[in-house]
Amino acid sequence: MPFTNTYLFISSGYDLMWGLLCVLSMILLFIFSKFLIAVLLMILGFSCSIITYISFTKLIGYEIKLDNHINNIFYSTYSVGVLFLTITYIVYHKLREEKTKQKTLEILGRSIAHNLTLPLSIGLMSAELIEKALENNNLENIKKYTKNLRECNKQAIHDIDIMLSSIKIDNFEKPKDWKQYSVIKCVNDALNKYYMNEEQQQRVSFLNRNTPKKDFVFTGSNTLLCHVIFNLLKNAFKYAGNEAKIEIFINDTNLHIKDNGNGMNKKLFAKLFQKYATTEGYGIGLNFCKEAMRKMGGDIICNSTKGKGTEFILTFDH
């Protein structure tokens, strides 16, 4: 578009109509493509059209003459072409939008069903145990099972919140708790809020290495970082293996969450952070983690070797 319109604008002796069409083509270029690509195409089109015009007129001595009849034909052809292109783009965009919505709802529903199976099972088991404890008038067990039921439901709510947040992250607005935080405080908050049974608690360690650890401050959301840590812990408990140890530690201004479990194969690792990758349960949550860290000025990196464990590194903006 920029090449053809610019060349015809120059060839027509800077006709006003071709000038307007040239401007219109630039606007359409920015609508139909990404900003940087549109800028590059515009610069390339302008440059090539000027070089082509100079080559024809100065070097070869040939120049295209556009009279009123030719202009009228080109105007009509161009208008029809622009109309067709616009309608095609709108229809394509709408169809893709509907398909994306349908796929998002499908994955969200499947993820909610998958993630709620465990807490619902625990809830049913806890209810049965509470009934038995009531029959035996065992108040101590009633308190214990009620606490487990409450913590399990709380974790289920956190899981749903993460999945819903992953849908909204593209239209991100800063949460109300956006400010400076100590990373150690945020990790401790996340570990205190995340429901873990006694066996899981023994498998997780925080700041347990011999090398010196220094806290650092980042600008972002405590809630958002807690959701990221929740998701990484949940995946580690599910896929690293029952015997895997999970270590959380700080190195410079990076937060590491590392396990010595099963690791990932190359096929899964290649599409780990893709939005709709759902192989073995990964995907929507890790895409949320990636986007959440980027919104806070950082990133998330994964290193994994099959059979040797997985490490997630959360980087923060200095």
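The coordinates are above.
Predicted model only: the values in this text are computed from it and were never measured.

(A) Layout of the pairing of strand β6 (residues 299-305). Judged by which residues are buried, β6 turns out to be one-sided: Ile-300, Cys-302 and Ser-304 face inward and are buried, whereas Asp-299, Ile-301, Asn-303 and Thr-305, on the alternate face, are not. Relative to strand β7 (residues 309-315), β6 is paired through seven bridges, and the arrangement is antiparallel. Bridging across to β7, Ser-304 finds its partner in Thr-310.

(B) Quick look at the packing of helix α1 (residues 2-11) against helix α2 (residues 16-32). At a minimum axis separation of 9 Å, α1 and α2 run at an interaxial angle of 165°. By the criterion of interaxial angle, the relationship of α1 to α2 is roughly antiparallel. Both α1 and α2 take part in a crossing whose hand is left-handed. For the pair α1 and α2, the contacting residues are Pro-2, Asn-5, Thr-6, Leu-8 and Phe-9 in the first and Trp-18, Gly-19, Leu-21, Cys-22, Ser-25, Met-26 and Leu-29 in the second. Tallied by class, the residues present in the contact of α1 with α2 amount to eight nonpolar, four polar and no charged.

(C) Fine view of the sheet that holds β7. Across the sheet, which stays open at both edges, the five strands sit in the order β2-β4-β5-β7-β6 with mixed pairing between neighbours. Every other strand in the sheet has two partners, leaving β2 (204-206) and β6 as the edge strands with one partner each. Direction aside, the axes of adjacent strands within the sheet are offset by 15° on average. The pairing of β2 with strand β4 (residues 246-251) spans three bridges and is classified as parallel. Pairing of Ser-205 across the sheet is with Glu-247, part of β4.

(D) A look at the nonpolar core. One finds Phe-218, Leu-225, Leu-232, Ile-248, Leu-255, Leu-314 and Phe-316 to be the most contacted residues of the largest nonpolar core, which totals 41 residues. Elements with a contribution of two residues or more to this core: α6 (183-193), β2, α8 (222-239), β4, β5 (254-259), α10 (284-295), β6 and β7. Tallying contributions element by element places α8 first for this core, with 10 residues. If sequence neighbours within four positions are ignored, Leu-232 has contacts with Ile-257, Leu-286, Cys-289, Ile-300, Phe-312 and Leu-314.

Conventions and cut-offs
- Residues numbered from 1 in each chain as written.
- Predicted model: local features only at pLDDT ≥ 70, side-chain atom pairs only at ≥ 80, totals over all residues.
- Heavy atoms only, no water.
- Buried < 20%, exposed > 50% of the residue type's maximum accessible area, 1.4 Å probe, protein only.
- Helix = DSSP H or I, 4+ residues; strand = E, 2+ residues; numbered from the N terminus.
- Pairing = 2+ DSSP bridges.
- Axes fitted to C-alpha atoms, helices over the stretch in contact; angles between N-to-C directions.
- Parallel < 35°, antiparallel > 145°, perpendicular 65-115°, else oblique.
- Left-handed = near helix turned anticlockwise from the far one by under 90°.
- Contact = heavy atoms within 4.5 Å.
- Nonpolar A, V, L, I, M, F, W, Y, C, P; charged D, E, K, R; others polar.
- Core = buried A, V, L, I, M, F, W, Y, C linked by side-chain atoms within 4.5 Å.

Everything listed is a geometric property; what it means functionally is a separate question.
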